[in-house]
Number of protein chains: 2
Amino acid sequence: MTDPLPSWNDGETKRQIIALVRAMADDKSDTFVPPESRIAVFDNDGTLWCEKPAYIQASFLLERWREMVQQNPRLGESQPYKAAADGDMAYFADLYAHIEEILRGVGEAFQAITPEEFDEAARQWFASTRHPRFGVPYTELIYQPMRELLDLVRNNGFKVFIATGGGRDFVRVVSEALYAVPRECVIGSAAKLEYRDGKVLRLPELVQPIDDGPGKPIHIYERIGRPPVFVAGNSDGDIQMLEMARFGLLLYHDDAEREYSYDAGAEKALEAARRNGWLIVSMRSDFAQVFAPKRGARNG
Amino acid sequence: MTDPLPSWNDGETKRQIIALVRAMADDKSDTFVPPESRIAVFDNDGTLWCEKPAYIQASFLLERWREMVQQNPRLGESQPYKAAADGDMAYFADLYAHIEEILRGVGEAFQAITPEEFDEAARQWFASTRHPRFGVPYTELIYQPMRELLDLVRNNGFKVFIATGGGRDFVRVVSEALYAVPRECVIGSAAKLEYRDGKVLRLPELVQPIDDGPGKPIHIYERIGRPPVFVAGNSDGDIQMLEMARFGLLLYHDDAEREYSYDAGAEKALEAARRNGWLIVSMRSDFAQVFAPKRGARNG
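None of the values given here were measured: they were computed from a predicted structure.

1. Here's the deal with the overall build of chain A
Link 1 in the chain: Of the regular secondary structure elements, chain A holds twelve helices and eight strands.
Link 2 in the chain: For 300 residues, the compact-globule estimate of 2.2 N^0.38 gives 19 Å, and the C-alpha radius of gyration of chain A, at 19 Å, lies within 12% of that figure.
Link 3 in the chain: The burial tally for chain A puts 45% of its 300 residues in the buried class.
Link 4 in the chain: In chain A, of all internal contacts separated by at least 6 residues, the share reaching a separation of at least 24 is 62%.

Structure below.
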């Protein structure tokens with residue numbers, strides 16, 4: 001049998017994942033899951049793609065806010081536009097202290113345009129931007145081992161969804177190409193929409209709740225209508241959706257050399273993982289390679 | 001080649017539908033649609049199942065409201081509980097005059113329970129209730145020709161979604177068994193949810209907008225992230241989603257003998273169909289049979 005996870009190091013983690021997934025698809029096993037219930041949900045930032053030094057979408061928004069200030073300098077007198085224009089990264093690092101201002105800015109960044117116009121803006125940005133450390137397009141900073149895991153669960157009859165705390169529409173632009181996950185299987189935070197003059201348009205307000213933390217089970221029920229059996233995440237915002245699943249996987253970022261090493265924002269999730277028996281995957285020990293080998297990409 | 005629509009009468013309508021759907025799946029045709037864009041959306045009430053003498057979900061709600069008044073007689077002093085308890089059908093017939101009261105009642109009917117508890121209540125109701133005229137379970141009042149049409153589009157590589165103005169969660173209970181449409185492909189109006197003490201619970205408020213009229217394109221973009229290519233509907237509430245599609249089909253209820261004959265609520269849709277060239281399907285002329293032949297079912 002060919003190795004379904006060639007970018008994972010051989011060992012207990014890899015062995016457990018393969019055995020668990022296959023058992024859920026095997027009607028002779030005790031942990032068999034009927035096909036219609038075989039739902040797998042993956043977080044995106046830090047679980048499928050790199051989220052450092054900033055969320056990829058944050059870089060997209062910063063560039064847009066700077067552009068808005070250039071077009072309308074008075075905007076630069078208020079937040080988050082001022083911080084964006086001044087390059088005041090400390091403001092953004094203290095995310096939760098400024099969350100209301102920032103979320104208002106998120107909504108305003110692409111208001112009153114159609115979903116197709118938003119897609120085009122995101123597509124252009126992905127094509128023209130490079131990661132500050134790795135020097136490659138952000139679309140090359142997908143974790144190859146996780147891509148193989150998506151295939152493994154799919155090949156065992158799971159339907160795969162992405163539940164991102166970030167922007168649903170931002171991820172939809174690249175989900176088919178990067179993950180073979182169609183747009184309709186991407187769940188996430190989003191702008192409210194309105195229908196006016198025969199067109200769907202983005203409003204400045206965001207749909208509540210945001211698809212993060214306790215919002216994830218809500219979005220998952222709204223979209224899928226049943227609890228996932230398999231959930232993969234990496235941060236505190238994934239705890240509640242991990243609690244829904246029979247099998248939980250937490251990706252632990254402990255590889256400063258090939259990617260980044262950090263606990264911040266994952267402290268409670270790591271604690272919950274130990275308490276609940278979720279599988280903790282060490283990027284350093286369990287990943288044989290981190291990013292897909294692609295022209296120009298530096299893979300550590 | 002076997003006939004993909006055996007319950008449709010031979011004629012121009014059937015010929016056109018088959019030719020159009022096949023052309024969209026044929027990469028040598030002018031109207032070819034790439035697989036990822038092959039999205040078909042069907043309305044439910046009056047398009048896939050019988051909506052007379054009342055919406056099926058309305059019967060479910062009436063029974064629930066009567067039960068609530070029995071448990072708490074003071075509730076019967078306010079609407080819509082009073083009308084439900086008194087059997088005052090004139091109140092419900094004038095739907096739009098009482099829409100706010102009625103929608104409040106819809107939200108309150110199943111509040112503070114889990115989605116699984118709601119499923120169970122709906123399942124029990126479907127199993128125990130008969131249609132007042134046809135004397136069969138409501139689940140036998142699916143239009144067999146439309147079920148064949150679902151298969152035809154699926155067999156030509158379309159992904160099928162249901163967009164119901166009624167309750168998403170109500171339709172999800174039966175969508176897999178009746179239409180082979182999995183729960184995650186049902187879009188519709190819904191109660192807001194909250195996450196409390198590790199559980200997802202239904203709130204008394206409804207998600208805005210309702211999935212009807214201009215709400216349908218909004219829900220479709222939220223859920224699918226792109227416009228449908230093929231849309232089937234039957235009423236004024238389907239106009240905006242029909243306007244999104246390359247191919248629109250409007251089912252016209254003109255068969256008093258085998259089902260019902262009515263224009264009410266579809267006047268504007270019929271006008272829009274003529275203006276936009278949507279295909280109008282006559283139940284009387286185009287359907288060889290209306291309901292699936294099933295034990296105990298009277299099919300006209």
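The rest of the description comes next.
2. What about the relation of the copies chain A and chain B?
Link 1 in the chain: Superposition of chain A onto chain B requires a rotation of 180° combined with a translation of 0.0 Å along the rotation axis, giving an RMSD of 0.0 Å. Here the copies are linked by what is in effect a two-fold axis. For chain A, the residue whose C-alpha comes nearest the rotation axis is Arg-223 of chain A, separated from it by 3.6 Å.
Link 2 in the chain: Residue by residue, 100% of the interface of chain A is reproduced at the interface of chain B, so both copies engage with the same surface.

3. So, helix 8 (residues 168–179) of chain B
Residues and elements named next belong to chain B.
Link 1 in the chain: When the terminal C-alpha atoms of helix 8 are compared, their 14 Å separation across twelve residues is substantially less than the 16 Å that a helix rising 1.5 Å per residue should span.
Link 2 in the chain: Three or more residues of helix 8 are buried, namely Arg-168, Asp-169, Phe-170, Val-171, Arg-172, Val-173, Ser-175, Leu-178 and Tyr-179.
Link 3 in the chain: Of the residues trailing helix 8, Ala-180 is marked for its positive phi of about 55°.

4. Looking at the domain arrangement of chain A
Residues and elements named next belong to chain A.
Link 1 in the chain: When its domains are assigned, chain A resolves into domain 1 (12–53 + 141–286) and domain 2 (56–128).
Link 2 in the chain: Taken over C-alpha atoms, the centre of domain 1 sits 25 Å from the centre of domain 2.
Link 3 in the chain: Each partner contributes to the interface: domain 1 provides 16 residues, whereas domain 2 provides 18 residues.
Link 4 in the chain: Here the side of domain 1 that touches domain 2 is composed, by residue class, of ten nonpolar, two polar and four charged.

5. What to know about the pairing of strand 7 (residues 247–252) of chain A
Side-chain positions along a regular strand alternate between the two faces of the sheet.
Residues and elements named next belong to chain A.
Link 1 in the chain: Counting buried residues along strand 7, six of its six residues qualify, which places the element largely inside the surrounding structure.
Link 2 in the chain: Of the two faces of strand 7, the one carrying Phe-247, Leu-249 and Leu-251 and the one carrying Gly-248, Leu-250 and Tyr-252 are both buried.
Link 3 in the chain: Of the pairings in the sheet, the one linking strand 6 (residues 230–233) to strand 7 comprises four bridges and is parallel in character. By the bridge assignment, Ala-232 is partnered in strand 7 with Leu-249.
Link 4 in the chain: In terms of handedness, the path from strand 6 via helix 10 (residues 239–244) over to strand 7 forms a crossover that is right-handed.

6. Digging into the confidence of the model for chain A
Residues and elements named next belong to chain A.
Link 1 in the chain: Looking at chain A as a whole, the pLDDT averages 95, with 98% of positions reaching at least 70.
Link 2 in the chain: Confidence over residues 296–300 falls short of pLDDT 50; this stretch has 13 contacts with residues more than four positions distant or in other chains.
Link 3 in the chain: This complex was scored by the predictor with a pTM of 0.95 and an ipTM of 0.94.

7. A short note on the environment of Arg-172 of chain A
Link 1 in the chain: With respect to the secondary-structure elements, Arg-172 of chain A resides in helix 8 (residues 168–179).
Link 2 in the chain: In sequence terms Arg-172 of chain A and Cys-185 of chain A are 13 residues apart; their C-alpha atoms lie 8.6 Å from each other.
Link 3 in the chain: When residues no more than four places from it in sequence are discounted, the contact partners of Arg-172 of chain A are Arg-183 and Val-186 of chain A together with Gly-225 of chain B.

8. Things to note about the interface of chain A and chain B
Link 1 in the chain: Counting residues at the interface gives 24 residues for chain A and 24 residues for chain B.
Link 2 in the chain: Listed by contribution, the elements that provide at least two residues to the side of chain A that touches chain B are helix 8, strand 4 (191–196), helix 9 (215–223) and helix 10 of chain A.
Link 3 in the chain: Tallying contributions element by element places helix 9 of chain A first for the side of chain A that touches chain B, with five residues.
Link 4 in the chain: Taken together, the residues of the side of chain A that touches chain B break down into twelve nonpolar, three polar and nine charged.

9. Some words on unusual backbone geometry
Link 1 in the chain: Here Gln-79 of chain B and Pro-80 of chain B are connected by a cis peptide whose omega angle stands at 5°.
Link 2 in the chain: Cis peptide bonds are those with omega within 30 degrees of zero, and the linkage from Gln-208 of chain B to Pro-209 of chain B qualifies with -5°.
Link 3 in the chain: Topologically, Pro-209 of chain B is positioned in the loop between strand 5 (199–206) and helix 9 (215–223).
Link 4 in the chain: Despite not being glycine, Ala-112 of chain A shows a phi value in the positive range, around 65°.
Link 5 in the chain: Tracing the chain through its elements places Ala-112 of chain A in the loop between helix 5 (99–109) and helix 6 (115–128).
Link 6 in the chain: One non-glycine residue, Ala-180 of chain B, lies in the positive phi region at around 55°.
Link 7 in the chain: Given 13 C-beta atoms within 10 Å, Ala-180 of chain B falls into the partly exposed group.

10. Details of helix 1 (residues 12–24) of chain A
Residues and elements named next belong to chain A.
Link 1 in the chain: Here helix 1 is 13 residues long and its end C-alpha atoms lie 18 Å apart, about the 18 Å a rise of 1.5 Å per residue gives.
Link 2 in the chain: Restricting attention to buried positions, one finds in helix 1 the residues Lys-14, Ile-17, Val-21 and Met-24. Viewed end-on, helix 1 has its buried residues packed into an arc of 110°, placing them on one side of the element. For helix 1, the exposed residues lying more than 90 degrees away from the buried face are Glu-12, Arg-15 and Ala-19.
Link 3 in the chain: Against the buried residues of helix 1 lie helix 7 (144–155), strand 8 (279–282) and helix 12 (283–286).

11. Considering the sheet that holds strand 3 (residues 186–189) of chain A
Residues and elements named next belong to chain A.
Link 1 in the chain: Here we have six strands laid out as an open sheet, ordered 3-2-1-6-7-8, and parallel in their pairing. Two strands in the sheet have a free side with no partner beyond their single neighbour: strand 3 and strand 8. The sheet shows a mean angle of 20° between the axes of neighbouring strands, direction not considered.
Link 2 in the chain: One ladder, built from three bridges, connects strand 1 (residues 39–42) with strand 6; its direction is parallel. Residue pairing for strand 6: Val-41 is matched across the bridge by Val-231.

12. Quick notes on the pairing of strand 8 (residues 279–282) of chain B
All names here are of chain B.
Link 1 in the chain: In this sheet, strand 8 lies alongside strand 7 (residues 247–252) in parallel orientation, the contact comprising four bridges. Counted as the bridge partner of Leu-250 is Ile-280 from strand 8.
Link 2 in the chain: On the question of chirality, the crossover connecting strand 7 to the parallel strand 8 by way of helix 11 (residues 267–276) is right-handed.

13. Some remarks on the environment of Met-146 of chain A
All names here are of chain A.
Link 1 in the chain: As for its placement among the helices and strands, Met-146 is situated in helix 7.
Link 2 in the chain: In this structure the C-alpha to C-alpha distance between Met-146 and Phe-291, which are 145 residues apart in sequence, comes to 9.5 Å.
Link 3 in the chain: When neighbours within four sequence positions are excluded, Met-146 is seen to be in contact with Thr-47 and Leu-48.

14. As for the sheet that holds strand 8 of chain B
All names here are of chain B.
Link 1 in the chain: Read from one edge of the open sheet, six strands run 3-2-1-6-7-8, paired in parallel fashion. One side of each edge strand has no neighbouring strand; the edge strands of this open sheet are strand 3 (186–189) and strand 8. Within this sheet the neighbouring strands show an average axis-to-axis angle of 20°, counted without direction.
Link 2 in the chain: One ladder, built from four bridges, connects strand 2 (residues 159–167) with strand 3; its direction is parallel. Considered in strand 3, the bridge of Gly-167 is made with Ser-189.
Link 3 in the chain: Taken strand by strand, helix 8 contacts strand 2 and strand 3, and its axis lies near 140° from that of strand 2.
Link 4 in the chain: Helix 11 rests against strand 6 (230–233), strand 7 and strand 8 of the sheet, and its axis sits at about 140° to strand 7.

The rules behind these values
Residues numbered from 1 in each chain as written. Chains lettered and ligands numbered in written order. Predicted model: local features only at pLDDT ≥ 70, side-chain atom pairs only at ≥ 80, totals over all residues. Helix = DSSP H or I, 4+ residues; strand = E, 2+ residues; numbered from the N terminus. Rg over C-alpha atoms; globule rule 2.2 N^0.38 Å. Buried ≥ 20, exposed ≤ 12 C-beta atoms within 10 Å, placed from the backbone. Contact = placed C-beta atoms within 7 Å. Least-squares fit on C-alpha atoms with pLDDT ≥ 70 in both. Expected span 1.5 Å × (residues − 1). Domains from an automatic or database assignment. Nonpolar A, V, L, I, M, F, W, Y, C, P; charged D, E, K, R; others polar. Pairing = 2+ DSSP bridges. Right-handed = clockwise from strand over helix to strand, strands pointing away. pLDDT = per-residue confidence, 0-100. Arc of directions from axis to C-beta. Axes fitted to C-alpha atoms, helices over the stretch in contact; angles between N-to-C directions.

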